Amino acid sequence: MVVKIIIMAVYICILVAVGIISRKKVNSVDDFLLGGRKMGAWLSAMAYGTTYFSAVIFIGYAGGIGWEMGTSAIWIGVGNALFGSFLAWKVLAKRTREITVKLNASTMPEFFQKRYNSQGIKIFAALITFIFLVPYTSSVYKGLGYMFAKMFDFQITQNQAYIICVLIMGVFTLAYLVLGGYVASAWNDLIQGIIMLVGIVAIVISVVASPEVSGLSNGIEALKEIQPELGTLIGPDPMKLISLILLTSFGVWGLPQMVHKYYAIKSNESIKAGTIIATAFALIVGVGAYFTGSWGRLFFDQIPNGAADTIMPEMLASTLSDPLIGIFMVLIFSASMSTLSSLVLVSSSAISVDLVKGYIKKDMTDKKQMLLMRLCCIIFVAISVVIALTNNATIITLMNLSWGTLAGCFMGPYLLGIYSKRTNKAAAWTGMLAGFATMMTLVIINGISYSTIGGCISMAVSVVVTLVATLFVKKNVKQPVR
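Nothing here was measured: the structure is a model prediction, and the numbers come from that model.

### Looking at the packing of aromatic side chains
Here is step 1: Considering all chains together, one arrives at 16 aromatic pairs under this definition.
Here is step 2: Ring centres 5.4 Å apart and planes at 20 degrees place the aromatic pair Phe 83 and Phe 250 in the stacked group. Of the two residues, Phe 83 sits in helix 5 (residues 74-103) while Phe 250 sits in helix 10 (residues 238-250), which places them 167 residues apart along the sequence.
Here is step 3: Relative to Phe 300, the ring of Phe 299 lies with its centre 6.4 Å away and its plane at 45 degrees, an arrangement referred to as tilted.
Here is step 4: Phe 299 gets classed as buried once you look at its relative accessible area, which sits at 14%.

### Here's the deal with the side chain of Thr 107
Here is step 1: Its place among the elements puts Thr 107 in the loop between helix 5 and helix 6 (108-116).
Here is step 2: Only 3.1 Å separates the side chain of Thr 107 from the backbone nitrogen of Glu 110, close enough to count as a polar contact.

### Details of helix 5
Here is step 1: A maximum bend of about 50 degrees is found in helix 5 at Trp 89.
Here is step 2: Asn 104, located one to two residues past helix 5, shows a positive phi value of around 55 degrees.

### Concerning the environment of Ile 284
Here is step 1: With respect to the element layout, Ile 284 can be found in helix 12 (residues 268-293).
Here is step 2: In this structure, the C-alpha to C-alpha distance between Ile 284 and Leu 197, residues 87 residues apart in sequence, is 7.0 Å.
Here is step 3: Those residues within four positions of Ile 284 in sequence are excluded, and the remaining contacts are Leu 197, Ile 200 and Val 201.

### Things to note about the pattern of salt bridges
Side chains that carry opposite charge are capable of pairing whenever their charged atoms lie near each other.
Here is step 1: Scanning all chains against the criterion turns up three salt bridges.
Here is step 2: Notably, a salt bridge pairs Lys 240 with Glu 68, separated by 3.2 Å at the nearest N-O pair. One end of the pair, Lys 240, is in helix 10; the other, Glu 68, is in helix 4 (residues 55-69), and 172 residues separate them in sequence.
Here is step 3: By relative accessible area, which is 28% here, Lys 240 ends up partly exposed.
Here is step 4: Here Arg 95 and Glu 98 are joined by a salt bridge, their closest N and O atoms 3.8 Å apart. Taken as a pair, Arg 95 and Glu 98 lie in helix 5 at a separation of three residues, close to a single helical turn.

### Concerning unusual backbone geometry
One can expect most non-glycine residues to show negative phi and most peptide bonds to be in trans.
Here is step 1: Its identity as a non-glycine residue notwithstanding, Asn 104 has a phi of 55 degrees, on the positive side.
Here is step 2: For Asn 104, the location among the structural elements is in the loop between helix 5 and helix 6.
Here is step 3: Although it is not a glycine, Ser 214 adopts a positive phi angle of roughly 60 degrees.
Here is step 4: Examined against the element boundaries, Ser 214 turns out to sit in the loop between helix 8 (158-209) and helix 9 (216-226).

### Concerning the packing of helix 5 against helix 11 (residues 256-263)
Here is step 1: The interhelical angle for the contact between helix 5 and helix 11, taken along N-to-C directions, is 65 degrees, at an axis separation of 8 Å. For the crossing formed where helix 5 meets helix 11, the hand is right-handed. The segment helix 5 lies against helix 11, with Ala 88, Trp 89, Leu 92, Ala 93, Thr 96, Arg 97 and Thr 100 engaging Val 259, Tyr 262 and Tyr 263.
Here is step 2: Across the contact of helix 5 with helix 11, the residue classes tally to seven nonpolar, two polar and one charged.

About the cut-offs
- Residues numbered from 1 in each chain as written.
- Predicted model: local features only at pLDDT ≥ 70, side-chain atom pairs only at ≥ 80, totals over all residues.
- Heavy atoms only, no water.
- Phe/Tyr/Trp six-rings, centres within 6.5 Å; stacked < 30°, edge-to-face > 60°.
- Helix = DSSP H or I, 4+ residues; strand = E, 2+ residues; numbered from the N terminus.
- Buried < 20%, exposed > 50% of the residue type's maximum accessible area, 1.4 Å probe, protein only.
- Polar contact = N/O pair within 3.5 Å; in protein donor to acceptor, adjacent residues only side chain to side chain.
- Bend = angle between axes of the 7 residues up to and from the residue.
- Contact = heavy atoms within 4.5 Å.
- Salt bridge = Lys/Arg side-chain N within 4 Å of Asp/Glu carboxyl O.
- Axes fitted to C-alpha atoms, helices over the stretch in contact; angles between N-to-C directions.
- Left-handed = near helix turned anticlockwise from the far one by under 90°.
- Nonpolar A, V, L, I, M, F, W, Y, C, P; charged D, E, K, R; others polar.

Structural data, given as structure tokens:
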């Protein structure tokens, strides 16, 4: 218990110290949001990777999907590396950086407004961003709460421990983000990324060597005895596996908090190096997380407490030594803090930059705008924490809904917006509303649990509809970007 507390205390002190030091480098809204667009390869790649993989992946996804899919779940990690990192950086990073610099756009809603010359699209995108990043942020807090409540032997009930942990995490999210903005977030992401790499390797080795798994070959045979498909690379439900790979790999192409990382890269040279770093990081962390979660059935006859979100916490609590538990908690904390800081930063900017500054009070000074952004950060975290404490939806469901809706809305207008000169306001509106309507319709008809496949369908609809609408645009229509 003492070892775990010491490890966490040291790590938290480092986070706060980075926030305090970074505060001196934040002198404008551009610094607070983008670090002055001076982020190098390592900072940008680690910021991308650590935002990608949070407590949602390690606890909700790795545990729940691993239980259902067995060893085939590792394909999700492979897909995340190849499509969600390598291909995403190759296709999006350079073009996004060039156009956002040309348009002087700091957020995705602002990009939509300047690219399509539409205040309405900006307002709609800002509201969608804020509304649907709240449940995603709540899912991260839920993951942290589950893990910390289990790993620390508090002399209180599990529910009380969960509440305390969620509240503490909310406070620390704000501590370094409000102080240092994107600069603090990026430097902490670099530290957190290194911790995640070391931690996941140590955890994989420990789990495979545990008596329950007893080595890779023995573990696979044991899974096959439970259900033959669990020990294969195809799995018991190939179609669901494919939908998970598509949603978690291509969904990030349209997520504001992920695209935001491309805005801040300082040069094309940094993009080339960042592509390699981000891909390697995703491969190690993604595959490692899902590989670890795939052994859950060897530890339990049935899902602990009837909740898939508790599989990983229960499994690791019974396997790891105190020092390794401390490292794992830092790993989870690292992954979650980086994701949370990105979510909070993007969401607060949607209100302060895109709505208030961009529409309600256009003459707002930089000083007042930064104050408003910090206030919005506090409000956003407060709302997310409240939902995490009161909402009973699972982590996986909350994440699927958020990713599917946001990516379904933005994928088409964003992709066509950075590559096609002919895509105009009408095409962007059509694609955005088609993706959103598709996701909402599928969720209403089939239930919220359908959001995985629904997210894939809505992303495809958004791209196809935007493309079709673009083809009907007259070639002589002038667009803001050339």
